[in-house]
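Observations on the model geometry
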Amino acid sequence: MGETIKDLKRTHLCGEVSKGDNETKVTIMGWVQKRRDHGGVIFTDIRDRSGIIQVVFNPDAGEELFEKADSLRSEYVVAITGEVEPRPEGNINPELPTGEIEIKAEELRVLDAAETPPIQIEDNIDTGEDVRLKYRYLDLRRPKMTKLMGLRHQVTKTTRDFLDQKDFWEIETPILTKSSPEGARDYLVPSRVNQGQFFALPQSPQIFKQLLMVSGMERYFQIARCFRDEDLRANRQPEFTQIDMEMSFVNQEEVMEVTEGLMKELFAVGDIEVPAKIKRMTYQEAIDRFGSDKPDLRFGMELKNLSEVVKDSDFNIFSGTVSSGGQVKGINFKGGADSPRSTIDGFEEYVKMFKAKGLAWMALREDELKSPIAKFLAEEEIEAIKKVMNAEKGDLLLIVADKPSVAAAALGNLRLKIAKENNLIPAEVYKFVWIVDFPLFEYDETEDRLAALHHPFTAPAEADVEKLDSDPASVKSKAYDLVLNGEELGGGSIRINNHKLQEKVFSVLSISEEEQQEKFGYLLEAFDYGTPPHGGIAFGLDRLMMIIGRTDSIRDVIAFPKTQKATSPLTNAPSKVDKKQLQELGISIRS
Ligand code: ASP
C-alpha cells in the first residue's frame, strides 16, 4: 500500500519549476524517471506530463528520508516536498528546461511502487511496436508521446474555438447507423432487438451532416470518429477521426475560404505557415504534370508529354500507343545517367506494379547516349525528346508509353520513389494546393461501370448537368481537395440538393431505383421538404497531426491505435464472445 497525499497539495508541475522559484518550498508529484547514487548523495529525476526535474536527497536530511530515497525505483509514484535551489556549477544540464535548478528534498512519500516496466520510458527506444501497443499506457509516458497527445488536444481545441467564432455548431451524429458510402467496406454491428439486422458504423457523417442542413442548422462541425473496414495500408487506421464541416447557402469559394482560415490556425500550432491564399490546380493539370491528384510540389521532375514528338515515329511502341489513344510520357531524373543497370531494372519492375507494360530509358552519359530504344528512333526524334524534357548531359530519361491513366500512375509514383531515394525532397517545406474541377465519375474497371470519384452526393458543375445523360464521364464536379506535400489533407464538395438530380446521379452510378430507396430513401425524401444549397469538407485529423507533430506514424498521434492487422495488443480486441451472446444475437459462427 502506498502512502496517501491527504494533507499534501501539489504546488508545481515538474516542468514548471523555474529559477524564479529559488528558495521556495514546492511540492511536486510524479514518476521516478531515474535514481542515481553519487557517493552518498541520491539524485532522482521526477517526471510528470509537463516535464522532468531533478531532486536531491542529502544524507544530512535525515537517515529515514535518505533510506526511503534509496528504495526508490523507476516508475515509482512519489510526492516530494523541498526547497528549490540552483544546481552547483558543473551540474547544470542545458538540455533540460529545468536544468539549472533542483529540489532539495525534505519530505518524500511513495504513493505507489512499480514493477520494472517492460519498455523504457524515454524517447528513441527500439522496442517493437507490438510491445509498445500492448503497454500503451507506458508508451504514452514517453516525453515524445506525451507531447503529441498535448499537441492533439491543442489542435482540437483550436478547431473548436475557430469554428465557434465562425458560427458553426458542434453536433453529434449516430455511431450505430446505416451504411454511408465513402468507398470502403462497412463495420457491421448485429442488432439483438431486431435479429438478423445490422447497424453499420459510419464511414463518415456525410448523410447526417447534409440532413442537418435540411434541418436548418446552417453551419455544423464535428470532430467525428469514422470507421472503414479496409485492408490496412501504411498509415491507415480502421477507426480514425475527421474534422467534419458542412455549411448552408454557400458556394465552393466560401467553403474554401473558411477552410483556409482554419488551416492557418491549426498549422500555426506546429509553427507551419499556411499561405493566405492557397494555390489552386485543376485535377487535369495535376494528373498531366505530376501523374497524381495529390501532387507533391516540393520538387520538380514533372511528367512531360512526348506524344506529339513521337506520334509519327517508326518506333511502333511509341507511335502505336499514341494512335490508339494512349500517351508517351517521361520524367527526367537529373543527374541519374550513371545509375547502374540494376537500378533502372528496379524502376521498370516498379512501374509494372502500376500496370505499365514497360519502361524505356535514355541515359545521357558524359561520353555516350546509352539507351535500348535509341536505335529505333530517328536522330531528330531523340533531339526532340531531349528538348521537351529539358535534358542535358548527366540526365536519365524514363519513358512510359501506355493508356493515359497508366502512364500517369506509373510515372507519378516513379517520380516520388526517385525523389525519396535520392533525397530530392527538401525538409520543412510545406506546399499546399487545392485540387479543383474533378470529374464527377471515374471508371471502375473491375465492375465495368462508373463510380463516384468522391461520393454520390457531390454536385455536378452546373454547365455539365445536361451531359449526365449524353457523356457522363466528361461531367465535372464541384469537389475540391486540399493537398499538402503529396498527401490529401481533406476533401469536400458542394452537394446535390435536389431529389431529381440526386436520383439521376444514382442512376448513372448504376444504383437501381430499388436500391436507391432502400439505402438512401430517407435522404431523397428529406430533399422534398426544402433543402438549402449546401456544401462542406472533412479533414483527416490523424494525418494532420502527423504533419504538425512531425512524426511518420499515424499510430503515434492516436492514444490507443490498432495494429496493421486491425487488432489491439492491449485489450486483445477483436476477441471471441460467449455462446450466449451469440445466441441472443441470433448468430452462429461457422467454424
Ligand atoms: N464525407 C467526405 C469524406 O469523408 C467529406 C465530405 O465530402 O465532406 O471524405
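Residues numbered from 1 in each chain as written. Predicted model: local features only at pLDDT ≥ 70, side-chain atom pairs only at ≥ 80, totals over all residues. Heavy atoms only, no water.

Examining the overall build of the protein chain
For the protein chain, the count of helices and strands is 17 helices and 22 strands. Projected onto the principal axes, the alpha-carbon positions of the protein chain cover approximately 95 × 75 × 55 Å. Taking all 591 residues of the protein chain together, the buried fraction comes to 48%. Counting contacts in the protein chain only where the partners sit at least 6 residues apart, residues at least 24 apart contribute 68% of the total. (Helix = DSSP H or I, 4+ residues; strand = E, 2+ residues; numbered from the N terminus. Buried < 20%, exposed > 50% of the residue type's maximum accessible area, 1.4 Å probe, protein only. Contact = heavy atoms within 4.5 Å.)

Digging into the sheet that holds strand β4 (residues 77–86)
Here we have five strands rolled up into a closed barrel, ordered β1-β2-β3-β5-β4, and mixed in their pairing. The sheet shows a mean angle of 55 degrees between the axes of neighbouring strands, taken without regard to direction. Contacting β1 (25–38), β2 (41–48), β3 (51–57) and β5 (101–112), helix α1 (residues 63–70) runs over the sheet at an angle of about 75 degrees to β5. (Pairing = 2+ DSSP bridges. Axes fitted to C-alpha atoms, helices over the stretch in contact; angles between N-to-C directions.)

Brief notes about a nonpolar patch on the surface
Among the surface-exposed residues, Tyr137, Phe560 and Leu570 lie close enough to one another that they form a single nonpolar patch of about 300 Å² accessible area. Mapping Leu570 onto the fold places it in the loop between α16 (541–548) and α17 (579–585). (Patch = residues over 30% accessible without salt bridge, like charges linked within 9 Å, V, L, I, M, F, W, Y side chains within 5 Å. Areas by Shrake-Rupley, 256 points an atom, 1.4 Å probe, with all protein chains shown as cover. Salt bridge = Lys/Arg side-chain N within 4 Å of Asp/Glu carboxyl O.)

Some details on the pattern of salt bridges
Between side chains of opposite charge, a pair can form when the charged atoms approach closely. Considering all chains together, one arrives at 48 salt bridges under this definition. Salt-bridge contacts for Asp161 lead to Lys157; the nearest nitrogen and oxygen are separated by 2.7 Å. Taken together, the positions of Asp161 and Lys157, both in helix α4 (residues 143–165) and four residues apart, correspond to about one turn of that helix. What makes Asp161 partly exposed here is its relative accessible area of 38%. The residue Glu515 makes a salt bridge to Lys519 at a minimum N-O spacing of 2.8 Å. Of the two residues, Glu515 and Lys519 both sit in helix α15 (residues 513–526), four residues apart, roughly one turn of that helix. Residue Glu515 is classed as partly exposed on the basis of its relative accessible area, which comes to 28%. Three or more residues joined by partner-sharing salt bridges are found here, namely Arg132, Arg136, Asp139, Arg142, Lys144 and Asp556.

Section: the nonpolar core
Counting residues in each nonpolar core, the largest one holds 65 residues, and the members touching the most others are Met263, Phe267, Leu489 and Leu544. The biggest single contributor to this core is helix α6 (residues 252–268), with seven residues. Beyond its immediate sequence surroundings of up to four residues, Leu544 is in contact with Ile243, Met263, Leu266, Phe267 and Leu489. In this structure, Trp361, Ala407, Ile418 and Ala419 belong to the second largest nonpolar core, which totals 24 residues. (Core = buried A, V, L, I, M, F, W, Y, C linked by side-chain atoms within 4.5 Å.)

Looking at the sheet that holds strand β12 (residues 304–305)
The antiparallel open sheet is built from five strands, whose spatial order is β12-β13-β16-β14-β15. At either end of the open sheet lies a strand with only one pairing partner, and these are β12 and β15 (369–370). In this sheet, strand β13 (residues 327–333) lies alongside β12 in antiparallel orientation, the contact comprising two bridges. Note on β13: the bridge partner recorded for Asn305 is Lys329. Most of the contacts of helix α9 (residues 316–323) go to strand β16 (residues 396–402), to which it runs at about 45 degrees, and overall it touches β13, β14 (360–364) and β16. Across the sheet, helix α12 (residues 404–421) lies against β13 and β16, angled at about 5 degrees from β13, the strand it touches most.

Section: the UniProt feature "binding site: L-aspartate" (unreviewed entry) in the protein chain
Using the residue numbers shown here, the UniProt feature "binding site: L-aspartate" (unreviewed entry) corresponds to Glu182, Arg228, His454 and Arg495. Within the secondary structure, Glu182 is located in the loop between β6 (169–170) and β7 (188–190). Discounting residues that sit within four places of it in the chain, Glu182 has contacts with Gln203, Ser204, Gln206, Arg228 and His455. Inspection of the secondary structure puts His454 in the loop between β19 (449–452) and α13 (467–470). Beyond its immediate chain neighbours, meaning those up to four positions away, His454 contacts Phe438, Ala479 and Asp481. (UniProt positions renumbered as here; feature names shortened; annotations may be inferred.)

Brief notes about the site of the ligand
The immediate surroundings of the ligand are formed by 13 residues, with Glu182, Gln206, Lys209, His455 and Arg495 found nearest. Between Lys209 and the ligand, the recorded distance is 2.7 Å, taken from a side-chain N or O atom to an oxygen atom. Separating an oxygen atom of the ligand from a side-chain N or O atom of Arg228 is a distance of 3.1 Å. Calculation on the ligand without its partners gives an accessible area of 270 Å², and the protein chains cover 88% of this total. For the shell around the ligand, the secondary structure elements donating two or more residues are α5 (206–214), β21 (487–494) and β22 (534–540). If you tally residues by element for the shell around the ligand, the top one is β22, at three residues. Counted by class, the shell around the ligand contains two nonpolar, seven polar and four charged residues. (Near = heavy atom within 4 Å. Polar contact = N/O pair within 3.5 Å; in protein donor to acceptor, adjacent residues only side chain to side chain. Nonpolar A, V, L, I, M, F, W, Y, C, P; charged D, E, K, R; others polar.)

As for the packing of aromatic side chains
A full pass over the atoms with the stated rule returns 11 aromatic pairs. Between the aromatic rings of Phe267 and Phe432, the centroid separation amounts to 5.1 Å while the plane-to-plane angle is 85 degrees, which identifies the pairing as edge-to-face. Within this pair, whereas Phe267 is found in helix α6, its partner Phe432 is found in strand β17 (residues 432–436), the two being separated by 165 residues in sequence. Residue classification places Phe267 among the buried positions, given a relative accessible area of 0%. (Phe/Tyr/Trp six-rings, centres within 6.5 Å; stacked < 30°, edge-to-face > 60°.)

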